[in-house]
Each structure stands twice: as structure tokens, then as C-alpha cells.
Amino acid sequence: MPSTTIFAAQRERLEAERDALLAEIAALERERASREESAGIGNVVAEEMMETLVRERDLALRSNARDLLEQVNAALRRIDEGTYGICADCGEPIPLERLEALPYATLCVRCQAARERARRW
Ligand SMILES: [Zn+2]
């Protein structure tokens, strides 16, 4: 059975996740655009500071959503290529329970833990 069939449910989840992320990014873009239109009405320093804070928050949200979207797209590519569900570090299959919890996981739990330990040092 080709992995594309085995992972049909995962693909559906990833595609739903991708659509949700795209909608989220689009909503943030629209919100920003409408805020920019209404900007320039007031000229108080506090308002400008508020604007900056809001803009920074949006930027963080958008880049989170984009990061996630990139991971989701990469997972969909791996399903197509037949490398989905295989740990990128040790080449062992990633347990299905982990994939169900985290459909775009690229590492098994052990390798993920090892990387996180390495990052702390
Ligand atoms: Zn591994």
C-alpha cells in the first residue's frame, strides 16, 4: 500500500490546517490594511506607541502562522514523496500516535528530545 493511502487521513488534516493558516494570515493582512487606512487621524505619541506594539504583535503572529504553514506544506510534500512519517535524523518510522498529535513532525520523540537538549547547550 503506498504511503499516500496510509496517510490519507494525515493529508486531510494537514490540508485543513493549511487552509486555516492561510485564512488566518489573510485575516491578519486585512486587519493591518484597515488599520493603516485609519492611521494618521490622531497624532498623539501614545497612539503611535500603541500602533507600534500592535504592529509588532501582528508581525509575530504572522511569522508564527507562516512558519507553521511552511511546516505543513513540507509535510504535504513528504507525503507526496513517500518520506512522510520517517524520522529525518535516524530514519526510523515516527509512531502514528505522534503523527496524529503533530501531523508535521519530522523527528521521532527520541531525536526531537536529543535536538532540544543540544539546543540548550
Ligand atoms: Zn529519530
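Nothing here was measured: the structure is a model prediction, and the numbers come from that model.

### Some details on the domain arrangement of the chain
Moving on, step 1. Domains assigned within the chain are domain 1 (1–84) and domain 2 (86–121).
Moving on, step 2. Between the C-alpha centres of domain 1 and domain 2 there is a distance of 23 Å.
Moving on, step 3. Taken together, the contact pairs 13 residues of domain 1 with eight residues of domain 2.
Moving on, step 4. For the pair domain 1 and domain 2, the summed buried surface comes to about 880 Å²; carbon and sulfur atoms form 57% of the total.
Moving on, step 5. Along the contact surface separating domain 1 from domain 2 lie zero salt bridges.
Moving on, step 6. At the boundary of domain 1 and domain 2, one finds five residue pairs in polar contact (both at pLDDT 80 or more).
Moving on, step 7. Looking at the side of domain 1 that touches domain 2, the elements with two or more residues in it are helix H2 (8–38) and helix H3 (45–81).
Moving on, step 8. Considering each element in turn, the side of domain 1 that touches domain 2 owes the most residues, five residues, to H3.
Moving on, step 9. Here the side of domain 1 that touches domain 2 is composed, by residue class, of six nonpolar, four polar and three charged.

### As for the UniProt feature "zinc finger region: dksA C4-type" (unreviewed entry) in the chain
Moving on, step 1. Per the UniProt record, the feature "zinc finger region: dksA C4-type" (unreviewed entry) sits at residues 87–111.
Moving on, step 2. Regarding residues 87–111, the helix share stands at 36% and the strand share at 0%, and the terminal C-alpha atoms are separated by 8 Å.

### A few points about the environment of Cys90
Moving on, step 1. The topology assignment puts Cys90 in the loop between H3 and helix H4 (96–101).
Moving on, step 2. A relative accessible area of 32% places Cys90 in the partly exposed class.
Moving on, step 3. Remark: the alpha-carbon pair of Cys90 and Arg110, spanning 20 residues in sequence, is separated by 9.4 Å.
Moving on, step 4. Ignoring any residue separated from it by four or fewer positions in sequence, one finds Cys90 in contact with Cys108, Arg110 and Cys111.

### A closer look at the side chain of Arg62
Moving on, step 1. Relative to the helices and strands, Arg62 is located in helix H3.
Moving on, step 2. Of the residues examined, Arg62 reaches a relative accessible area of 9% and is grouped as buried.

### Concerning the side chain of Arg35
Moving on, step 1. Inspection of the secondary structure assignment puts Arg35 in helix H2.
Moving on, step 2. A relative accessible area of 18% means that Arg35 is categorised as buried.
Moving on, step 3. One polar contact links Arg35 to Asp58, side chain to side chain, over a distance of 2.6 Å.
Moving on, step 4. Ignoring anything within four residues of it in the chain, the contact list for Arg35 reads Glu51, Val54 and Asp58.

Rules behind the numbers
- Residues numbered from 1 in each chain as written.
- Predicted model: local features only at pLDDT ≥ 70, side-chain atom pairs only at ≥ 80, totals over all residues.
- Heavy atoms only, no water.
- Domains from an automatic or database assignment.
- Contact = heavy atoms within 4.5 Å.
- Buried area = accessible area lost by both parts, 1.4 Å probe.
- Salt bridge = Lys/Arg side-chain N within 4 Å of Asp/Glu carboxyl O.
- Polar contact = N/O pair within 3.5 Å; in protein donor to acceptor, adjacent residues only side chain to side chain.
- Helix = DSSP H or I, 4+ residues; strand = E, 2+ residues; numbered from the N terminus.
- Nonpolar A, V, L, I, M, F, W, Y, C, P; charged D, E, K, R; others polar.
- UniProt positions renumbered as here; feature names shortened; annotations may be inferred.
- Buried < 20%, exposed > 50% of the residue type's maximum accessible area, 1.4 Å probe, protein only.

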